[in-house]
Amino acid sequence: MAFASYAYLGPEGTFTEAALLQVPGAAEARRLPVATVGAALAEVRSGAVDAAMVPIENSVEGGVSATLDAVAVGEPLRIVREELVAITFVLAARPGVQPGDVRRISTHGHAWAQCRGWVDANIPNAEYLPASSTAAAAHGLAQGGYDAAICSPLLAERLGLAVLASDIGDVSDAVTRFILVTQPTVLPPPTGADKTSLVIPLPEDHPGALMEILDQFAARGVNLSRIESRPTGQFLGDYFFSIDADGHLADARVADALKGLHRISPNLRFLGSYARADKRPSTIAPRTSDDAFDAAESWVAGLQGGS
């Protein structure tokens, strides 16, 4: 599924741009870097671009709250694709700056969290200055205000920065997951290795409320690869659940689970069914296969018909 125009979390050189360039045809399309996740999604909602690439999950830090919250409210959106990007960080500075000169470091909050152990061990008194992205921190070195930035090695090379230290992430095989988001559209066809994303408000806080939601998946053999609670912002204790389930809406077990969820939480938000980036197929028990659901439907229809 190729598009003519994309927005992404910028500026140029972010890991988000790297994820976007993995999409076939994106390198030749119009690409608009924006400052925030919300701005990228706003470009899609307004029709200014066809799709937006934004980060949603990191293997070290978990869900990206800005994205989880932004897709849960406002005009509906659809996730049509996901991409995985291996994350490697360097400590970069203007040419001539020495490691001993570093007192203030800027980067994105997720990058800082993933490199905090290295910084504590090697520059224990460094002050952290938040940036909207790792690329924004690297670009900002030219304006001064801080001594070094944590960014990707490719961007440091592109900007002609001095690399003071390489591979400074506390987890060497960290991966970030990115999603490609459009306005509501026809779903990508099922591949057998798919994921369905949902936002489920908790309509009433009572004992067993979460269990009622989880039971809809468990009873139908639908595995959950991610579940996170996020505050709605309405009042203290009011939450919604952000969920990734294995399978596609075209799968009978997934569709049946969503029917059950709708009875419990009528305001749930379907974000999309799309191919998994890791291509790992779902494990389906015989009792929850499409054939099993079809057989059950036929059996009930026969009973209703007097058979």
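Residues numbered from 1 in each chain as written. Predicted model: local features only at pLDDT ≥ 70, side-chain atom pairs only at ≥ 80, totals over all residues. Heavy atoms only, no water.

**Remarks on the overall build of the protein chain**
Here's step 1: Helix and strand counts for the protein chain come out as nine helices and 15 strands.
Here's step 2: Each of the three principal axes of the protein chain carries a C-alpha extent, and together these read 85 × 45 × 35 Å.
Here's step 3: Counting the 307 residues in the protein chain, one finds 46% classified as buried.
Here's step 4: Expressed as a percentage of contacts within the protein chain between residues at least 6 apart in sequence, the contacts between residues at least 24 apart total 76%. (Helix = DSSP H or I, 4+ residues; strand = E, 2+ residues; numbered from the N terminus. Buried < 20%, exposed > 50% of the residue type's maximum accessible area, 1.4 Å probe, protein only. Contact = heavy atoms within 4.5 Å.)

**Things to note about unusual backbone geometry**
Here's step 1: Cis peptide bonds are those with omega within 30 degrees of zero, and the linkage from G10 to P11 qualifies with 5°.
Here's step 2: For D167, which is not a glycine, the phi torsion comes out positive at approximately 50°.
Here's step 3: Within the element layout of this structure, D167 appears in the loop between strand 10 (162-166) and strand 11 (175-182).
Here's step 4: On the basis of relative accessibility, which here comes to 47%, the residue D167 falls in the partly exposed class.

**Here's the deal with helix 7 (residues 209-218)**
Here's step 1: Along helix 7, the positions that sit buried rather than exposed are A209, I213, Q216 and F217. Each buried residue of helix 7 lies within a common arc of 100° when the element is viewed along its axis, so the set occupies one face.
Here's step 2: Against the buried residues of helix 7 lie strand 12 (194-201), strand 13 (224-231), strand 14 (239-246) and helix 8 (252-264). (Arc of directions from axis to C-beta.)

**Side note on the pattern of salt bridges**
Here's step 1: Summed over all chains, the structure comprises 15 salt bridges.
Here's step 2: The shortest N-O distance in the salt bridge between R230 and D69 comes to 2.7 Å. Of the two residues, R230 sits in strand 13 while D69 sits in helix 3 (residues 65-72), which places them 161 residues apart along the sequence.
Here's step 3: Residue R276 pairs with D278 through a salt bridge whose shortest N-O separation is 2.9 Å.
Here's step 4: What makes R276 buried here is its relative accessible area of 7%.
Here's step 5: Its relative accessible area of 38% is what places D278 among the partly exposed residues.
Here's step 6: Each of the salt bridges in this network shares a partner with another, and the network as a whole consists of E57, E82, R177, K195, R226, E228 and D244. (Salt bridge = Lys/Arg side-chain N within 4 Å of Asp/Glu carboxyl O.)

**A look at the packing of helix 7 against helix 8**
Here's step 1: Two numbers describe how helix 7 lies on helix 8: the axes approach to 8 Å, and their chain directions differ by 165°. Comparing their axes, helix 8 and helix 7 come out roughly antiparallel. Handedness of the crossing formed by helix 7 with helix 8: right-handed. Between helix 7 and helix 8, the contacting residues are E212, I213, Q216 and F217 on the first element and A257, G260, L261, R263 and I264 on the second. (Axes fitted to C-alpha atoms, helices over the stretch in contact; angles between N-to-C directions. Parallel < 35°, antiparallel > 145°, perpendicular 65-115°, else oblique. Left-handed = near helix turned anticlockwise from the far one by under 90°.)

**Some remarks on the environment of I87**
Here's step 1: By the secondary structure assignment, I87 is in the loop between strand 5 (78-86) and strand 6 (90-93).
Here's step 2: Residue I87 is classed as buried on the basis of its relative accessible area, which comes to 6%.
Here's step 3: In this structure, the C-alpha to C-alpha distance between I87 and S106, residues 19 residues apart in sequence, is 17 Å.

**Notes on the sheet that holds strand 8 (residues 127-130)**
Here's step 1: Ordered by their spatial adjacency, five strands build an open sheet running 8-7-9-6-10, and the pairing between neighbours is mixed. Of all strands in the sheet, those with a lone pairing partner are strand 8 and strand 10, marking the two edges. Strand-to-strand, the axes of this sheet are offset by a mean angle of 30°, without reference to chain direction.
Here's step 2: As judged from the four bridges shared by strand 7 (residues 104-107) and strand 8, these two strands associate in the parallel manner. Directly across from T107, in strand 8, lies its bridge partner P130. (Pairing = 2+ DSSP bridges.)

**A word on helix 3**
Here's step 1: Turning to helix 3, its buried residues number three or more, namely T67, L68, A70, V71 and A72.
Here's step 2: Directly beyond the C-terminal end of helix 3, a positive phi value near 80° is found at G74.

**Some remarks on the packing of aromatic side chains**
Here's step 1: All told, the structure shown has three aromatic pairs when counted by the stated rule.
Here's step 2: Ring plane angle 85° and centroid distance 5.6 Å describe the contact between F15 and F89, whose orientation is recorded as edge-to-face. Taken together, the residues F15 in helix 1 (residues 15-20) and F89 in the loop between strand 5 and strand 6 connect sequence positions 74 residues apart.
Here's step 3: With centroids separated by 4.5 Å and ring planes inclined at 10°, the aromatic side chains of W112 and Y128 adopt a geometry described as stacked. Of this pair, W112 sits in helix 4 (residues 109-122) while Y128 sits in strand 8; the two residues are 16 residues apart in sequence, bridging distant segments of the chain.
Here's step 4: Judged by relative accessible area, which is 10%, W112 ranks as buried. (Phe/Tyr/Trp six-rings, centres within 6.5 Å; stacked < 30°, edge-to-face > 60°.)

**Structural notes on the pairing of strand 1 (residues 5-9)**
Looking down a regular strand, the side chains alternate between one sheet face and the other.
Here's step 1: Counted residue by residue, strand 1 has five buried out of five residues, so it is predominantly covered.
Here's step 2: Burial along strand 1 is two-sided: the residues S5, A7 and L9 and Y6 and Y8 are all buried.
Here's step 3: Looking at chain direction, strand 1 and strand 2 (residues 30-34) are connected through five bridges and run parallel. Bridge pairing in strand 2 links A7 to L32.
Here's step 4: In this view, the connection linking strand 1 to its parallel neighbour strand 2 by way of helix 1 has right-handed handedness. (Right-handed = clockwise from strand over helix to strand, strands pointing away.)

By themselves, these observations are geometric and do not establish any function.
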